[in-house]
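Fold and geometry: a report
Residues per chain, in single letters:
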Amino acid sequence: MMKNAFLTLFAIAALSSCAKRPDAIAPTAFPVETYANLECQEINTSLTTEQGTLAALSAAQSSAANTDAVGVLLLGIPVASLTDGDKEGMIAVSKGKVQALEAARIRKGC
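Rules and cut-offs
- Residues numbered from 1 in each chain as written.
- Predicted model: local features only at pLDDT ≥ 70, side-chain atom pairs only at ≥ 80, totals over all residues.
- Heavy atoms only, no water.
- Salt bridge = Lys/Arg side-chain N within 4 Å of Asp/Glu carboxyl O.
- Helix = DSSP H or I, 4+ residues; strand = E, 2+ residues; numbered from the N terminus.
- Buried < 20%, exposed > 50% of the residue type's maximum accessible area, 1.4 Å probe, protein only.

On to the pattern of salt bridges. Evaluated as defined, the whole model comprises 2 salt bridges. For Lys20, the salt bridge identified is with Glu88, shortest N-O distance 3.2 Å. One end of the pair, Lys20, is in the loop between α1 (2-16) and α2 (40-74); the other, Glu88, is in helix α4 (residues 88-108), and 68 residues separate them in sequence. Under the relative-accessibility criterion, Lys20 is labelled partly exposed at 38%. Here Glu88 falls in the partly exposed class, since its relative accessible area comes to 28%. Across the salt bridge formed by Glu33 and Arg107, the nearest N and O atoms sit 3.5 Å from each other. Taken together, the positions of Glu33 in the loop between α1 and α2 and Arg107 in helix α4 put the pair 74 residues apart, joining distant regions of the chain. Neither Glu33 nor Arg107 differs from the other in exposure class; each is exposed.

So, in structure tokens, the structure goes:
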């Protein structure tokens, strides 16, 4: 009985620490005013660059989520999350920057 309770708690803890899928990560609020001084060309260039960064981070996060799922299934531990494979914080910031750049582009009429 006690062994089953321990295994259940261990499974819940392992699953809760798994890397999230990129689409499940909320953006960090990033002030549009950060980009208020940029010209349209600079905003567009920054947006393209940040979208590339976000795509790369999202690919790495998807891989980490897959690795965690397999790790929990086979070993009982979220391998990627324990080895610094989780990019959740960086994705949240990047999503926030993309949103702020898109809003700045709209405000400037680019």
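From this point on, the discussion continues.
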